[in-house]
Amino acid sequence: MKSRKDLWSLYSEKVMEHFQNPRNVGEIESPDGIGHAGNPVCGDIMELYIKVKDDIIIDAKFKTFGCGAAIATSSMLTEMVKGKTIEEALKVSNKTVAEALDGLPPIKMHCSVLAEEALGLAIEDYLAKSKRK
Amino acid sequence: MRRIYLDYAATTPTHPLVLKAMLPWFTDGFGNPASIHSFGQEAKGAIEEAREKVARLIGAKSNEIVFTSSGTEADNFAIKGVAYAKEHKGKHIITTAIEHHAVIEPCKFLEKRGFKVTYLSVDGDGLVDSGEVKKAITDETILISVMHANNEIGTIEPIKEIARIANDREICFHTDAVQTVGHLPVDVDELKVDLVSISAHKFYGPKGVGALYIRKGTKIVPFMHGGEQEHGRRASTQNVPGIVGFGKACELAQKEMGQEKDRLETLRDKLINGILDRIDHVRLNGHPTQRLPNNVNISLEFVEGESMLLNLDLVGIAASTGSACSSSVLEASHVLLALGLPHESAHSSLRLTLGQETTGKDIDYVLEKLPQIVKKLRAMSPLYKPGKK
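Residues numbered from 1 in each chain as written. Chains lettered and ligands numbered in written order. Predicted model: local features only at pLDDT ≥ 70, side-chain atom pairs only at ≥ 80, totals over all residues.

1. Considerations on the interface of chain A and chain B
Where the parts come together, the accessible area they lose is often given as the size of the interface.
Phase 1: Opposite the 18 residues of chain A that make contact, chain B presents 21 residues.
Phase 2: Counting only elements with at least two residues in the side of chain A that touches chain B, the list comes to α2 (13–20), β2 (44–53), β3 (56–65) and α3 (68–81) of chain A. (Contact = placed C-beta atoms within 7 Å. Helix = DSSP H or I, 4+ residues; strand = E, 2+ residues; numbered from the N terminus.)

Structure below.
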């Protein structure tokens, strides 16, 4: 029999690693921006929380209801945006997240779109809130 | 690592005695059953013997059994074969919303070619109401197809009642019995069915072989053309080793079915009750008692199915889900939605199906691991609000 790693071909090792040990799970108390993306019909729902100081994302946390790809992309995205300026963070696309995970199966690419959407919405929320201040 | 297979509804391992029976027919017994010489006649003898075993298991005559390549083929053959044989009499078919795709898709295919299909809804437990069948019948109805038991939720349908209604109106009745033959007693005369789909690999036979039972006198158009095999109903050189294995699996099932059913039901109920005791916000999908002896289907609210499957697989447990995320079409199970489940609950479904190798220790292991996995995934689910009932 082959080893487990050889048998598992749906996801890359990196996806499985993030799926098993997701980074930044949870909520941020009084966040500066929240993004909700996805819907129950497609089966993926993501909530992204960001804390911003001096235009830099100093913390990001998420909660995700979804498949392995959705959880891994959520985890990777939060890692990637932390420490970035808002302008830099806006450049993080679903493709860059998927690439950082060594790729996703084609049918799962839409899961990475979910993470990108949540990020866009969280930043939008932050910008709207900061304007009001 | 410990590996526990709980996906017997998807497929079963070939029984060692089945494999043993098959092997000579790959080598010494390689002849073509259509050949006149002794090589051919030996192979023909082997498939006829297997045909008798299949027939015996379901109380049929052996000339009413047509071998196919699968349960899916048997379903396609039944639906399209009857539709084309009877289209001059009418173009209406009645089936249900929870059939296997092997029935639903041929029906959709026929709809595009001028047939009308009624897809009967089911109640919250997945039961078809025979009264609804009666109401749906028109003068145009030529075929009624209702599955014996559902492959996802395990609900056993009242097909005897439905077949009686079909008989009274002289309408052909088909049942997809892929999940029941070999596991539960199926007798074609007691049930009064005209067509029955069977698949070998669902009860410890090999993949790539199935059968359609066709009651004598049933009008049906051949499924494949190009040879006189299977009384001209299904051209193509028979899969001799596969058919021999199928026959052996039927013989074994006939002997072991009763005892195995009781054993599996005990394990099934231990698993269901164990999950309900250990995890909150769980729903049992399918009928609580009128269900397959080996089927457990539950929705673990706030947790998505594929992420559960991956985590279970990491601890060696193989299961299945009706979540969209795990399907190639990205749609949640049509069966779970037909029960009236909201999409979230369909995505949260987990199917565990038991079989010959399953032991009480395996169930204990699942009951130890599953709550941990659900807890971990709920902690990261935006839908889960602890404390809320």
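The rest of the description comes next.
2. Observations concerning the sheet that holds strand β1 (residues 33–39) of chain A
Residues and elements named next belong to chain A.
Phase 1: Read from one edge to the other, the open sheet built from three strands follows the order β1-β2-β3, with strand pairing classed as antiparallel. Among the strands making up the open sheet, the edge pair consists of β1 and β3. Within the sheet, the average angular offset between the axes of one strand and its neighbour, ignoring direction, is 15°.
Phase 2: The sheet contact formed by β1 and β2 spans seven bridges and is antiparallel. Looking at β2, one finds that A37 is bridged to M46.
Phase 3: Contacting β2 and β3, α3 runs over the sheet at an angle of about 175° to β3.
Phase 4: Along the sheet, helix α6 (residues 109–132) contacts β1 and β2; its crossing angle with β1, the most-contacted strand, is approximately 145°. (Pairing = 2+ DSSP bridges. Axes fitted to C-alpha atoms, helices over the stretch in contact; angles between N-to-C directions.)

3. Some remarks on the pairing of strand β10 (residues 295–300) of chain B
Residues and elements named next belong to chain B.
Phase 1: Most of β10 sits out of view: six of its six residues are buried.
Phase 2: Here β10 shows no split at all, with N295, N297 and S299 on one side and V296, I298 and L300 on the other all buried.
Phase 3: As judged from the three bridges shared by strand β9 (residues 282–284) and β10, these two strands associate in the antiparallel manner. From the neighbouring strand, V282 faces β10, where its bridge partner is L300.
Phase 4: For β10 and strand β12 (residues 349–353), the ladder comprises five bridges, and the chain directions are antiparallel. When the bridges of β12 are listed, N295 appears paired with T353. (Buried ≥ 20, exposed ≤ 12 C-beta atoms within 10 Å, placed from the backbone.)

4. Here we look at α6 of chain A
Residues and elements named next belong to chain A.
Phase 1: With 24 residues, α6 should cover 34 Å at 1.5 Å per step; its first-to-last C-alpha distance of 35 Å lies within 8% of that length.
Phase 2: Inspection of α6 places C111, S112, L114, A115, E116, A118, L119, A122, I123 and Y126 among the buried residues, and these make up the whole buried set.
Phase 3: Buried residues along α6 sit against β1, β2, α3, α4 (86–90) and α5 (94–100). (Expected span 1.5 Å × (residues − 1).)

5. Focus on the domain arrangement of chain B
Residues and elements named next belong to chain B.
Phase 1: Assigned domains within chain B: domain 1 (4–11 + 257–369) and domain 2 (16–253).
Phase 2: For domain 1 versus domain 2, the separation of C-alpha centres amounts to 27 Å.
Phase 3: Going through the elements one at a time, α8 (240–278), β10 and α10 (334–338) are the ones with two or more residues in the side of domain 1 that touches domain 2.
Phase 4: It is α10 that contributes the most residues to the side of domain 1 that touches domain 2, three residues altogether.
Phase 5: Its residues assigned to classes, the side of domain 1 that touches domain 2 comprises seven nonpolar, 12 polar and three charged. (Domains from an automatic or database assignment. Nonpolar A, V, L, I, M, F, W, Y, C, P; charged D, E, K, R; others polar.)

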